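Spelled out from the first residue to the last, the chains are:
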Amino acid sequence: MSWDIFIQQFPAGASRVAEIPDTFIAPPIGRRNDVIARIRSVLPQADFSDPAWGVLRGSDYVIEIGTGDDEMLYGITLHVRGSDEVLPYIESILRELNLRGIDSWTGEFFDPASAPQSLARWRSYIEDEV
């Protein structure tokens, strides 16, 4: 189990997930190879030997970057595990792609200010499950 961030293009005017219209259909974010190149421009250490499933590993964190098998991407999922050291990398990806993501634990847009608490809640849940 991971703490997940679901990235795609969301309506610019939506400040909360509840403000996304039910009829909203996300436009593509780009061709997979182009998106991977942009991610690698800010995270050159990311391993995309499998373009559908990139991995960024640190001493106490991992981000698995799910891009899928399609040439045109409509979304990316970050499967995150580990310490708060991972948070700047998530911010870097979002900033480089000029996209937003939904935090799977808050159900709201990823917010760097509340992300440490959300990640801590996930870690607490995992520890309780073990």
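Visitor: Lay out the pairing of strand β6 (residues 76–82) with the relevant residues and their values.
Guide: Along β6, six of the seven residues are buried, which leaves the element largely enclosed by surrounding structure. Where strand β1 (residues 3–8) meets β6, five bridges bridge the pair, whose relative direction is antiparallel. Considered in β6, the bridge of I5 is made with L78. Pairing of strand β4 (residues 61–66) with β6 involves six bridges; the strand directions are antiparallel. When the bridges of β6 are listed, Y61 appears paired with G82.

Visitor: Give me the lowdown on the packing of aromatic side chains, citing residues and values where you can.
Guide: Any pair of aromatic rings gets described here by the distance separating the centres and the angle formed by the planes. Per the stated rule, a full pass over the model turns up four aromatic pairs. Ring centres 5.2 Å apart and planes at 70 degrees place the aromatic pair F10 and F109 in the edge-to-face group. Taken together, the positions of F10 in the loop between β1 and β2 (30–31) and F109 in the loop between β7 (100–103) and α3 (115–129) put the pair 99 residues apart, joining distant regions of the chain. For the residue pair F10 and F109, the accessibility class agrees, reading buried in each case. Between the aromatic rings of W105 and Y125, the centroid separation amounts to 5.3 Å while the plane-to-plane angle is 55 degrees, which identifies the pairing as tilted. With W105 in the loop between β7 and α3 and Y125 in helix α3, this residue pair connects regions lying 20 residues apart in the sequence. You can call Y125 partly exposed: its relative accessible area is 32%. One cation-aromatic arrangement involves R100 over F109; the distance from NZ or CZ to the ring centre is 4.0 Å.

Definitions and cut-offs
- Residues numbered from 1 in each chain as written.
- Predicted model: local features only at pLDDT ≥ 70, side-chain atom pairs only at ≥ 80, totals over all residues.
- Heavy atoms only, no water.
- Buried < 20%, exposed > 50% of the residue type's maximum accessible area, 1.4 Å probe, protein only.
- Helix = DSSP H or I, 4+ residues; strand = E, 2+ residues; numbered from the N terminus.
- Pairing = 2+ DSSP bridges.
- Phe/Tyr/Trp six-rings, centres within 6.5 Å; stacked < 30°, edge-to-face > 60°.
- Lys NZ or Arg CZ within 6 Å of the ring centre and 35° of its normal.

By themselves, these figures tell us nothing about what the structure is for.
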